[in-house]
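# Summary of the model geometry
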Amino acid sequence: MVDYLVVGSGLFGCVFAHEMAAKGKSCLVLEKRAHVGGNVYGEEKDGILIHRYGAHIFHTSYEDVWAYVNQFVSFNGYINSPVANYRGHLYNLPFNMNTFRELWDIVTPREAREIIARQRAAVQGEPQNLEEQAISLVGQDIYEKLIKGYTEKQWGRSCTELPAFIIRRLPVRYTFDNNYFNDKYQGIPENGYNSLIEALLDDKDLPGSIEVRTGVDYLPVREAYAGQAGKVVYTGPLDAYFGCRLGRLEYRGLRFETERFDEANHQGVAVMNYTERAVPYTRTIEHKHFMRGNAAIAEKAVTYVTREYPADWKPGDEAYYPVNDQRNQDLVAAYRARAEKEENTIFGGRLAEYKYYDMDDVIKSALERAAQE
Ligand code: FAD
Ligand code: UDP
């Protein structure tokens, strides 16, 4: 008998288990993959930390979350500044004075504002979808070259069928500033995210306990665990918990192809976005550039580059992104109503809440949920 049966060892499950063990409780963490950490898990090759489930850059403005993670690991001060590649021409991201200068050969913020103001006049009233939102933020040229192709391959649907909020994730600035995020704090754990997960799960000084079992899918064996725990903390897909009885939620999938090159520096930047539709991948990640401040790795004549291909998702595939259209939002509301009635069960994290959560939001919500216990 344990106090908490935690299903899933991503950030939500690990932070929650850590906090409950800190309160003297016993936790059993079940993880269906062969390793812990969920999507922040990394692998080391030739000393280079490979982000196995996509590039993860930690960024937050929550003081409490930043203080919390810094108890366990130190961050390397990496600042994300991706470059967009559109038909072989390079543009700085996010959309800022460098991008505007590269596109229009202008010099001042006023010139940039004038061009964008002219181009956004095409959209009247409140933007109703991603296309209208994008044009009203940055105008037609940027929409056509840097947003439309990328977004349509990423989400597998037209920009007119996608919600506006997805594009509002990106800053638009009239300064020469290539920082992809506006958050106060940013970086990557010096020894990778696995070291954060390990610190959360293997803290011998905690009064309670955490046992971890990998390679266990909870759903087919849930009966065997019935009555074995005071509460269940479920971080897997929401619909799967209910046997998909009300219908299936949809996700976007991803496929990663990693190549090793015998050279020190392949693309000169950690993240290059390919914004035209014709290139089948959305971005290429050169992992070593995330290891800011590590001169030995920077100079070493080997590097790994991962191409990230968006993919249609089918049951059984890894669920990467929730699809935020009306059908899925309605279905998720119906499942949430059921989840609220489920006794002694906590639903948390990006899969069980079906939310496009960043890591800091997941940590914050796990801390808040644990504090209520
Ligand atoms: P997950 O990490 O998905 O963990 C859930 C775990 O539960 C998984 O390990 C899964 O195997 C397990 N599980 C599921 N079902 C079962 C079951 N039935 N039985 C047992 N185990 C089960 N955020 C940022 O802040 N910055 C970034 O740069 C960033 N980049 C991203 C890039 C990509 C490609 C993606 C997909 C996400 C990115 N994120 C980023 C978001 C980040 O990955 C999430 O916010 C965070 O990892 C979610 O943690 P979680 O615990 O909710 O879910
Ligand atoms: N986006 C785009 N062009 C880019 C980068 C992003 O159009 O070069 C859009 C795209 O719709 C994407 C969204 O902005 O889904 C959010 O981008 P972000 O980098 O936050 O996506 P994530 O890292 O979560 O995949």
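Right, let's walk through the structure included here. Position labels on residues start from 1 in each chain and follow its written sequence. All chains are assigned letters beginning with A, and all ligands numbers beginning with 1, in the order in which they are written. In keeping with the model being predicted, local features are shown solely for residues with a pLDDT of at least 70 and side-chain atom pairs are shown and tallied solely at 80 or more, while totals for entire chains, interfaces and linings include all residues. The side-chain figures draw on all heavy atoms in the structure; neither hydrogens nor water molecules are used.

Let us now look at the site of ligand 1. To be near a molecule or strand, a residue needs just one of its heavy atoms within 4 Å of it. Taken together, 35 residues lie around ligand 1, and Glu31, His56, Ile57, Tyr357 and Met359 are the ones closest in. The separation between an oxygen atom of ligand 1 and a polar main-chain atom of leucine 11 is 3.1 Å. Pairing of N or O atoms within 3.5 Å defines a polar contact, subject to two protein rules: one partner must be a possible hydrogen donor and the other a possible acceptor, and residues neighboring in sequence count only if both atoms are side-chain atoms. A distance of 2.8 Å separates an oxygen atom of ligand 1 from a polar backbone atom of tyrosine 357. The Shrake-Rupley method, run with a 1.4 Å probe, gives the accessible areas here. Residue values count only the displayed protein chains as cover. Protein chains shield 96% of the accessible area of ligand 1, which is 1,000 Å² for the free molecule. Listing elements by their share of the shell around ligand 1, those giving two or more residues are helix H1 (11–22), strand S2 (26–31), helix H11 (349–352) and helix H12 (359–371). For the shell around ligand 1, the per-class residue count stands at 19 nonpolar, ten polar and six charged. Helix and strand labels come from DSSP, where a helix needs a run of H or I of at least four residues and a strand needs a run of E of at least two; each type is numbered from the N terminus. We call Asp, Glu, Lys and Arg charged. Ala, Val, Leu, Ile, Met, Phe, Trp, Tyr, Cys and Pro are nonpolar, and the rest, Gly among them, are polar.

Now for the sheet that holds strand S10 (residues 229–234). Taken in spatial order, the five strands line up as S9-S2-S1-S10-S16 in an open sheet, and their pairing is parallel. In the strand order of this sheet, the two ends are held by strand S9 (209–214) and strand S16 (345–347), each with one partner. Averaged over all pairs of adjacent strands, the angle between strand axes in this sheet comes to 20°, irrespective of strand direction. Two strands are counted as paired when DSSP detects at least two bridges linking them. Note that strand S1 (residues 2–7) and S10 share five bridges and pair parallel. Counterpart to valine 2 in the pairing with S10 is alanine 229. Axis lines are fitted through C-alpha atoms, for helices just across the contact stretch, and the angle between N-to-C directions can take any value from 0 to 180 degrees.

What follows covers the side chain of glutamate 286. Structurally, glutamate 286 can be placed in strand S13 (residues 283–286). Here glutamate 286 occupies a buried position and makes no salt bridge, while the nearest side chain of opposite charge, lysine 288, is found at 5.8 Å. Side-chain polar atoms of glutamate 286 contact the side chain of histidine 289, separated by 3.0 Å. Of the polar contacts made by the side chain of glutamate 286, one reaches the side chain of threonine 303; its length is 2.7 Å. Relative accessibility decides the category of a residue: with a 1.4 Å probe and only protein chains considered, values under 20% of the type maximum give buried, values over 50% give exposed, and everything between is partly exposed. His is not counted, nor are the chain ends; Lys and Arg add positive charge and Asp and Glu add negative charge. Throughout this description, the term salt bridge denotes a Lys or Arg side-chain nitrogen within 4 Å of a carboxyl oxygen of Asp or Glu.

Let us look at the nonpolar core. Take the buried residues of types Ala, Val, Leu, Ile, Met, Phe, Trp, Tyr and Cys, join any two whose side-chain atoms come within 4.5 Å, and each joined set is a nonpolar core. One finds Phe16, Phe58, Phe100, Ile142, Ile147 and Ile363 to be the most contacted residues of the largest nonpolar core, which totals 77 residues. The contact definition used throughout considers only heavy atoms, calling two residues in contact when any of these lie within 4.5 Å. Excluding residues that lie within four positions of it along the chain, phenylalanine 100 makes contacts with Phe95, Asp105, Ile106, Ala112, Ile116, Ile142, Val172, Arg173 and Tyr174. If you look at the next biggest cluster of nonpolar residues, it comprises 28 residues, including Val7, Ala229, Val232 and Leu238.

Residue proline 94 is bonded to the preceding leucine 93 through a cis peptide linkage, with omega at -10°. Examined against the element boundaries, proline 94 turns out to sit in the loop between strand S7 (89–92) and helix H3 (97–104). Positive phi is not limited to glycine here, since aspartate 46 has a value of about 50°. By the secondary structure assignment, aspartate 46 is in the loop between strand S3 (42–45) and strand S4 (48–51). For aspartate 105, which is not a glycine, the phi torsion comes out positive at approximately 55°. Considering the arrangement of structural elements, one finds aspartate 105 in the loop between H3 and helix H4 (109–120).

Here is the rule: rings of Phe, Tyr and Trp (six-membered ring for Trp) pair when centre to centre is within 6.5 Å. Planes less than 30 degrees apart are stacked, more than 60 are edge-to-face, and the remainder are tilted. Under the criterion given, the structure shown has 25 aromatic pairs. Consider the rings of tyrosine 68 and phenylalanine 72, whose centres lie 5.1 Å apart with planes at 75°: the pair is edge-to-face. We note that tyrosine 68, like phenylalanine 72, is buried. Put simply, the rings of Tyr234, Tyr241, Phe242, Tyr335 and Phe347 touch in pairs and so form one group of aromatic residues. Two limits define a charge over a ring: the Lys NZ or Arg CZ must be within 6 Å of the ring centre, and within 35 degrees of the ring normal. Stacked on the ring of tyrosine 53, the Lys or Arg arginine 33 has its end atom at 4.1 Å from the ring centre. The ring of tyrosine 241 is capped by arginine 222, whose NZ or CZ atom sits 4.5 Å from the centre of that ring.

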